[in-house]
Amino acid sequence: MNQLARNAGGTIEACDQPHGFDATWEYGGEVSWIELRLSDEPGGAGTTFELTHIAHVDDSRWTEFGPGAVGVGWDLAMVGFAKHLASGEQIDLDAGMAWTASEDGLRFITLSSEGWHDASVAAGTDAAQARAAADRATAAYTGTPTS
């Protein structure tokens, strides 16, 4: 099993290098699956990165946090990935954690959680339930109490 520092582990189940891979995503005693695909943009304008996370979420956790439970985490991971691609440097985990506690990091987390709230409402979740779940997800990621 491969392990991401301070995060999930998993096993690569299929690899189609350089086009993508499928893997388990193992965190907190639960297993879900990720599929990562890379494809060329028309005319060589770049690469499309597509990540699908397939999870069987129990109703209580979904009610408590909504899609922001994992969505905010993936959004934060993509910030680190973008920084790595821009610099070519390995991301310092302690610096990354410090950034999440900074004003910019807290604003990013809050806006990410708002985006997941909006997606949840658009998918048909009751607005009040989506609001409460988004507030709890934001609090979980920022370490701030819910109101």
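Residues numbered from 1 in each chain as written. Predicted model: local features only at pLDDT ≥ 70, side-chain atom pairs only at ≥ 80, totals over all residues. Heavy atoms only, no water.

Caption draft 1: Inspection of the overall build of the protein at higher detail. A tally of helices and strands in the protein yields 5 helices and 6 strands. Element order for the protein, N to C, with α for helix and β for strand: β-β-β-β-β-β-α-α-α-α-α. Along the three orthogonal principal directions, the C-alpha set of the protein runs to about 45 × 35 × 30 Å. Among the 147 residues that make up the protein, the fraction classed as buried is 22%. Partitioning the contacts of the protein with sequence separation of at least 6, the portion at a separation of at least 24 is 32%. Of the accessible surface of the protein, which amounts to about 9,700 Å², a share of 57% is contributed by carbon and sulfur atoms. Mean positive and mean negative side-chain charge positions of the protein (7 and 22 charges, respectively) differ by 7 Å. (Helix = DSSP H or I, 4+ residues; strand = E, 2+ residues; numbered from the N terminus. Buried < 20%, exposed > 50% of the residue type's maximum accessible area, 1.4 Å probe, protein only. Contact = heavy atoms within 4.5 Å. Areas by Shrake-Rupley, 256 points an atom, 1.4 Å probe, with all protein chains shown as cover. Lys, Arg positive; Asp, Glu negative; His and termini not counted. Charge placed at Lys NZ, Arg CZ, Asp CG, Glu CD.)

Caption draft 2: Local environment of the side chain of Thr 100. Locating Thr 100 in the fold gives a position in helix H3 (residues 93-101). Among the polar contacts listed, one links the side chain of Thr 100 to the backbone oxygen of Met 97, at a separation of 2.6 Å. When residues no more than four places from it in sequence are discounted, the contact partners of Thr 100 are Leu 76, Gly 105, Leu 106 and Ile 109. (Polar contact = N/O pair within 3.5 Å; in protein donor to acceptor, adjacent residues only side chain to side chain.)

Caption draft 3: Just the pattern of salt bridges, in detail. Evaluation of the coordinates by the stated rule reveals 6 salt bridges. One salt bridge in this structure joins Glu 30 and Arg 61, with 2.8 Å as the shortest N-O distance. Remark: Arg 61 occurs in helix H1 (residues 59-65) and Glu 30 occurs in strand S5 (residues 30-40); sequence separation between them is 31 residues. Here Glu 30 falls in the partly exposed class, since its relative accessible area comes to 35%. We classify Arg 61 as partly exposed; its relative accessible area is 36%. We note a salt bridge from Arg 131 to Glu 114, for which the minimum N-O separation is 2.8 Å. With a gap of 17 residues between them, Arg 131 in helix H5 (residues 127-142) and Glu 114 in helix H4 (residues 103-122) connect regions that are remote in the sequence. (Salt bridge = Lys/Arg side-chain N within 4 Å of Asp/Glu carboxyl O.)

Caption draft 4: Region of interest: the nonpolar core. Residues Ala 8, Ala 23, Trp 25, Ile 34 and Trp 74 constitute the largest nonpolar core, which totals 5 residues. With sequence-adjacent residues up to four places away left out, Ile 34 is seen in contact with Phe 21, Asp 22, Ala 23, Trp 25, Leu 51, Thr 52, His 53 and Trp 74. (Core = buried A, V, L, I, M, F, W, Y, C linked by side-chain atoms within 4.5 Å.)

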